[in-house]
Amino acid sequence: MSKILRGIGVVITLGGLIMNNSVVKEIYLGGRAKLLLATIGQNAGTRYATCNENSLLKRLNAEDQFQPNGASDLTYNFYNIDNPEEYLKGDDAILVERGPYVIKKHTVKYAVEFKASGLTRDVGNNKASIEYNEANLYIPLDINVDVKKTNMTRGSDLKLNWFDGERQNVASYEKKMPNHLSMNNKITNISPIYQSIIGEANDEFSLILSMICTPTQIDNIFAADTKPQCTGAELNDMEKADCSCCMLREMFDQMGESTNATVCETLLDESSQVISDLSLLAYYDGGIQVKQAGDEKYSTSGENFVETLYNQTLIYSPVIQSHTVNDLLFGYPSAYVGKIVPMMYFGHAVKIMKDNGINSRTQAAKELLTGNMDDFLPFKLGDISLYTKKVGSVCLNTCSGATDVAASPLDLMCDGFAPERYESNRIDDVLLGGIDCKPYSATYATIKMCKDIDATMEMDPFDNESEKCICADGSDDYKTSGCCLAAGKYKGLDLTSSGCLFPVDGILGPNYAGRYTATGVKPTVDLGESTEALVSRESEKQSSSKMTQFVCPSKTGPGDDTLFLPELKAFGHYERFDGKQKHTTYQYTGTPRMRQTDSTLDDVEPFSSKVRGTSAQYFRPTGLTGYFNEISLTYGHTHKGVVPVYMKEMKAPMNFTEDWGVRPIVCDPYSKSNHCHELARLRPAKDALQDNFPAGTGLPYTGLQPIGIMQGPTTKGLPTYFHNPYFMNGDTELLSQQNNSHVDSSDGNGIKLYRPNNFDEDPGLFSVESSNYAHLTDTSTLFQINDEFLDQNPYESYIDLEPATGLGIRARFRHGISHSLWECDPVSNEKCKLSKARNKSNGCYSSSNQGSTYPCSAANVFSPDVVGGKIIPAFWVDDKQQKATALDIATLSVITGKYREVQHSYGFMVNIAILLTWTLGLPLALQLACFAPEKQFLKQGPVDGADRNSGKATSSVSSSADS
């Protein structure tokens, strides 16, 4: 009997341990790969088998349905400079936050192809990644809008196809902007496109000179004592490289008045064509008044300004401009850029034509204004002649004036807005929907000037001050609607590039979401037709702007269809963005200031950031982590360490880490029992924008990522920065920026940030005394609680994901963008010495010339007192994205249910094993171990009484008892 009991105890103990081990291994360990395979399923929720054509096709088709819950919600808050004139004169910029401006964004992938990937060991797999473009459609929610779609399908070749059919309803979006806001609200702030222009020219004074002289002739100014003054015929002639544009005042004074040279400062006379043009064009573009009649002239002649050539009694600067929210987001025309940039490079164009055997200034202008010179110039103009014509089609009706008797272009104005994009079914009209038409005034003015020229030449065909107008596109539109001129002379004024408009890119880019329905009905957007229009128009950009993502991990081995788990950590990661594997993010120069000359220096070291990181749609799965219950596959945590997330706006990865103190959930919309899943939350690492950049990268503050080198139509980029909203986790000094130690000036000319106390109601007109606005001096006051999805900080980015599967559920990306004015230090930048010397009490840079100083930034003509290098916030955006579809979440519920069934199935066996182990097996095993000597004695059989009372027997029993 004892042998049987002992055997039972051992068997039960070992059996229980084995059963426990096998159950744990099956559920918690061995089930990891099975869980991943089960999660992807064979349906639209497929995630990890996208290398299968059918699976990818289903996935893309699911994303192409334009469902409202799959769209992104973009919320923009802009900063308006409330005191632009005072700021340009050296006061602090008072920045008032305005918003929220709410935009719904729908996205569809097109031009989709399979590619090989560098993230898999399966090097022969030509379908390991997908390459695609994204079509983004934007619907401002300042009104109620119906959303429909035409029939759109994706073929087995992954291409999009459209066919005529009845429009299907998608959604009816209700107005989400507060009643006091509209897309026509104007925002006043730094003009990035103007910073791009003066950065390319080096500074404002050099920009003005470039409209008159060639770059070589400008460089010769510093040798004007040995280089003769250029004649009128030699100016801006690329072949005349041995003469100087003008002479500096200091050099002129040394040589005496006997010299015939022109002092450079005299070219700044407000009645000259150049300054008159610049002021008028700045006015058309929403520039800011910086001078009025009676103020001292720029030319330092001691005279006072009266009026410009066009009878303006005010001077306007384009450094700061006012534009509508619509224009800032989706783009707008610029009369300033359309006129000035062609003038800067006209000499180059003429030389290129001459080198090709064509000696025609008019033909050179035509090639320049139609974009045919873009490959040879540092500034890409595109076909501004065609663009100007398109603007005219939507803006001409806003123009008025007596074209036959007007004395100046100021009598010809276009005042109003183009029809809204919901009011037209023409693609060109949709793209220009709602733009401010004021810049078209420059084009409209060509009607009067060209008409006067024709009248003059009819009376005197040989009039030296007149030349017939020629439109760059070869039309005669100058007679009816105006045009972009390739030739013309009006009262001796050269009209080349007059009337031309340049398309300034918006923050979001062009918006193709328009009416596409009959007029007279509720505003309706057809997403299918909008996508078709975008894809057909943007085909030229497909090859240069594609994105590539890794989508097909290799299998474990031959005959084993389970996934090779190590490759899942890179699943969904970007490999290319905008067609490149890496992007230059800044120029390493060893200096703490960003300069417009950085890219031209010999010792500069461009720093390129490799394209890597997740799109926030897929993450490395943890599998089962030893815990799940009715609502969760895991205990909600992901893994230690950082997770790189690729940030499209800064073209670089940002490190995210898990917030272990927050446990958000997502609920299954199809579940009758309200089945919800526990998630993990990732947030940006606190030092994500601090430790990335070593000293000497041109950043005077931490908490910023320079991104301007990648932006703008020029090779020198922009002084533009990416950061967290309100500069959170950055230098606290960014909220005031009073320190002027980088210039020879007293502190100030920084910023003061104000925000409404209630964004949902109209706070009224701003004043610093108003109780409806708060002066932001400390970001700690912004950390308020938001109940939605446990969003504890409404100004910080986060990503919610289901850890076991690595499925991204939702994300909110929040970031800010700021600009600064280019600096212009004459010590490190010799061209900055071209600007006139200033009174020392007002200037910022010391000079050896009797203690005089130079202006405070590269805006050194119209606003010489504004300090460069200050970081001026432009806007911050909240991008709310739903990464997982309702079907994805339902799939999670199915998987949770299956594993719950497994848990129940094994649970009974586990309980029996534990019960037997602890109630029977373990006691018997212990008895076997503890009473082994006694059991050995009993095996010897019965003994008589004498033996039982002997010392030996007693000793044995005693020993057993003692033991």
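Residues numbered from 1 in each chain as written. Predicted model: local features only at pLDDT ≥ 70, side-chain atom pairs only at ≥ 80, totals over all residues. Heavy atoms only, no water.

Per the secondary structure count, the chain includes 20 helices and 38 strands. A buried classification covers 55% of the 963 residues belonging to the chain. Considering only intrachain contacts with a sequence separation of at least 6, the fraction spanning at least 24 residues in the chain is 69%. Counting only carbon and sulfur atoms, one obtains 51% of the accessible surface of the chain, whose full area is about 40700 Å². (Helix = DSSP H or I, 4+ residues; strand = E, 2+ residues; numbered from the N terminus. Buried < 20%, exposed > 50% of the residue type's maximum accessible area, 1.4 Å probe, protein only. Contact = heavy atoms within 4.5 Å. Areas by Shrake-Rupley, 256 points an atom, 1.4 Å probe, with all protein chains shown as cover.)

Strand order in the open sheet formed by 3 strands is 8-10-9, with antiparallel pairing between adjacent strands. Only two strands of the sheet have a single partner each, and these edge strands are strand 8 (186-190) and strand 9 (287-292). Between one strand axis and the next, the sheet turns through 40° on average, direction left out of account. Where strand 8 and strand 10 (residues 314-324) come together, 5 bridges link them in antiparallel fashion. Within strand 10, the residue paired with Asn189 across the bridge is Gln321. (Pairing = 2+ DSSP bridges. Axes fitted to C-alpha atoms, helices over the stretch in contact; angles between N-to-C directions.)

This next bit is on the packing of helix 5 (residues 192-201) against helix 11 (residues 335-355). A packed helix pair is summarised by two numbers, namely the angle formed by the two axes and the spacing between the axes. For the pair helix 5 and helix 11, interaxial distance at closest approach is 11 Å and the crossing angle is 10°. Overall, the two elements helix 5 and helix 11 adopt an arrangement that is roughly parallel. Handedness of the crossing formed by helix 5 with helix 11: left-handed. Contacts between helix 5 and helix 11 involve Ile193, Tyr194, Ile197, Glu200 and Ala201 on the former and, on the latter, Tyr336, Val337, Val341, Met344 and Tyr345. Broken down by class, the residue content of the contact of helix 5 with helix 11 amounts to 9 nonpolar, no polar and 1 charged. (Parallel < 35°, antiparallel > 145°, perpendicular 65-115°, else oblique. Left-handed = near helix turned anticlockwise from the far one by under 90°. Nonpolar A, V, L, I, M, F, W, Y, C, P; charged D, E, K, R; others polar.)

With the rule as written, the count across this model stands at 20 aromatic pairs. An angle of 40° between the planes, with centres 5.9 Å apart, marks the rings of Tyr138 and Phe330 as tilted. Within this pair, whereas Tyr138 is found in strand 3 (residues 129-140), its partner Phe330 is found in helix 10 (residues 325-330), the two being separated by 192 residues in sequence. The class for Phe330 is buried, based on a relative accessible area of 5%. An aromatic cluster is built from Tyr76, Phe78, Tyr101 and Phe875, whose rings are joined through pairwise contacts. One Lys or Arg, Lys127, reaches over the ring of Phe114 and ends 5.5 Å from the middle of that ring. For Lys438, the ring lying beneath its charged end belongs to Tyr283, and the centroid distance is 3.9 Å. (Phe/Tyr/Trp six-rings, centres within 6.5 Å; stacked < 30°, edge-to-face > 60°. Lys NZ or Arg CZ within 6 Å of the ring centre and 35° of its normal.)

In this structure, Leu207, Ile221, Leu278 and Phe379 are the most contacted members of the largest nonpolar core, which totals 128 residues. Per-element tally for this core: the top contributor is helix 11, with 13 residues. Setting aside residues no more than four positions away along its own chain, Leu278 makes contact with Ile208, Met211, Tyr316, Tyr336, Ile340 and Phe862. (Core = buried A, V, L, I, M, F, W, Y, C linked by side-chain atoms within 4.5 Å.)

Moving on: the pattern of salt bridges. Inspection of every chain in the model, using the stated rule, returns 28 salt bridges. Beyond isolated ion pairs, a larger network of salt bridges with shared partners links Glu113, Lys115, Glu131 and Lys546. (Salt bridge = Lys/Arg side-chain N within 4 Å of Asp/Glu carboxyl O.)

Moving on, we come to unusual backbone geometry. Cis rather than trans, the peptide bond between Gly99 and Pro100 has omega equal to 5°. For Pro100, the location among the structural elements is in strand 2 (residues 93-115). Non-glycine residue Asn202 carries a positive phi angle of around 100°. Within the secondary structure, Asn202 sits in the loop between helix 5 and helix 6 (204-210). Given a relative accessible area of 3%, Asn202 falls into the buried group.

For the rest of this paragraph, the subject is a negative patch on the surface. On the surface, Asp82, Glu85, Glu86 and Asp91 cluster together to form a negatively charged patch. Structurally, the position occupied by Asp91 is in the loop between helix 4 (84-88) and strand 2. For Asp91, a relative accessible area of 41% corresponds to the partly exposed category. (Patch = residues over 30% accessible without salt bridge, like charges linked within 9 Å, V, L, I, M, F, W, Y side chains within 5 Å. Lys, Arg positive; Asp, Glu negative; His and termini not counted. Charge placed at Lys NZ, Arg CZ, Asp CG, Glu CD.)

Let's shift gears to the pairing of strand 10. On any regular strand, side chains alternate: one points to one face of the sheet, the next to the other face. In terms of residue burial, strand 10 counts as a mostly covered element, since 10 of its 11 residues are buried. Relative to strand 10, strand 9 runs antiparallel, the two being bridged by 5 bridges. Residue pairing in the sheet places Gln289 in a bridge with Tyr316 of strand 10.

Moving on, we come to the sheet that holds strand 15 (residues 485-490). If you walk across this open sheet you meet the 3 strands as 14-15-16, and the pairing is antiparallel. The outermost strands of the open sheet, each flanked by one partner alone, are strand 14 (467-471) and strand 16 (493-494). Seen against the sheet, helix 12 (residues 361-369) touches strand 14, strand 15 and strand 16 and runs at an angle of roughly 130° to strand 15.

Here the focus is the state of the cysteines. Two cysteines whose sulfur atoms are joined by a covalent bond form what is called a disulfide. Scanning all chains against the criterion turns up 11 disulfides. Bridging Cys484 to Cys500, the disulfide has an S-S length of 1.9 Å. Across the disulfide from Cys484 to Cys500, rotation about the S-S bond amounts to roughly 80°, and the bridge is consequently right-handed. Of the two residues, Cys484 sits in the loop between strand 14 and strand 15 while Cys500 sits in the loop between strand 16 and strand 17 (502-504), which places them 16 residues apart along the sequence. There is no split in this pair, since Cys484 and Cys500 are both buried. (Disulfide = S-S within 2.5 Å.)

Right, let's get into the environment of Glu303. Position of Glu303 relative to the elements: it lies in the loop between strand 9 and strand 10. Since its relative accessible area comes to 45%, Glu303 is described here as partly exposed. Not counting residues up to four positions away in its chain, the partners in contact with Glu303 are Asp295, Glu296 and Lys297.

What follows is about the packing of helix 11 against helix 12. Viewed as axis vectors pointing N to C, helix 11 and helix 12 meet at an angle of 120°, and their least axial separation amounts to 9 Å. Between helix 11 and helix 12, the angle is such that the two are oblique. Every pair of crossing elements has a handedness; the one defined by helix 11 and helix 12 is right-handed. Contact residues: Pro342, Tyr345, Phe346, Ala349, Val350 and Met353 in helix 11; Arg361, Gln363, Ala364, Ala365, Glu367, Leu368 and Leu369 in helix 12. Its residues assigned to classes, the contact of helix 11 with helix 12 shows 10 nonpolar, 1 polar and 2 charged.

Look at helix 13 (residues 384-395): 16 Å from first C-alpha to last across 12 residues, which is about the 16 Å you get at 1.5 Å a residue. Along helix 13, the residues classified as buried are Ile384, Ser385, Tyr387, Thr388, Val391, Gly392, Val394 and Cys395. (Expected span 1.5 Å × (residues − 1).)

To continue, consider the side chain of Asn740. With respect to the helices and strands, Asn740 occurs in the loop between strand 31 (720-723) and strand 32 (751-756). There is a polar contact of 3.1 Å between the side chain of Asn740 and the backbone oxygen of Gly748. In contact with Asn740, not counting residues within four places along its chain, are Ser745, Ser746, Asp747, Gly748, Val867 and Lys870. (Polar contact = N/O pair within 3.5 Å; in protein donor to acceptor, adjacent residues only side chain to side chain.)

Once that is clear, we can look at the confidence of the model for the chain. Low-confidence regions, as indicated by low pLDDT, have predicted coordinates that should not be scrutinised in detail. Here the chain averages 82 in pLDDT, and 79% of its residues register 70 or above. Counted against residues more than four places away or in other chains, residues 27-46, with its pLDDT under 50, gives 64 contacts. Of the regions scoring below 50 in pLDDT, residues 402-407 engages in 10 contacts with residues more than four places distant in sequence or in other chains. (pLDDT = per-residue confidence, 0-100.)

For the rest of this paragraph, the subject is the environment of Val145. Mapping Val145 onto the fold places it in strand 4 (residues 145-149). Taking the C-alpha atoms as reference points, Val145 and Lys175, 30 residues apart in sequence, are found 7.8 Å from one another. For Val145, the contacting residues outside a window of four places in its chain are Ile139, Pro140, Ala171, Ser172, Tyr173, Tyr422, Lys522, Pro523 and Val525.

Mapped onto the fold, Ser745 is located in the loop between strand 31 and strand 32. Note: C-alpha distance between Ser745 and Cys856 (111 residues apart in sequence) is 8.5 Å.

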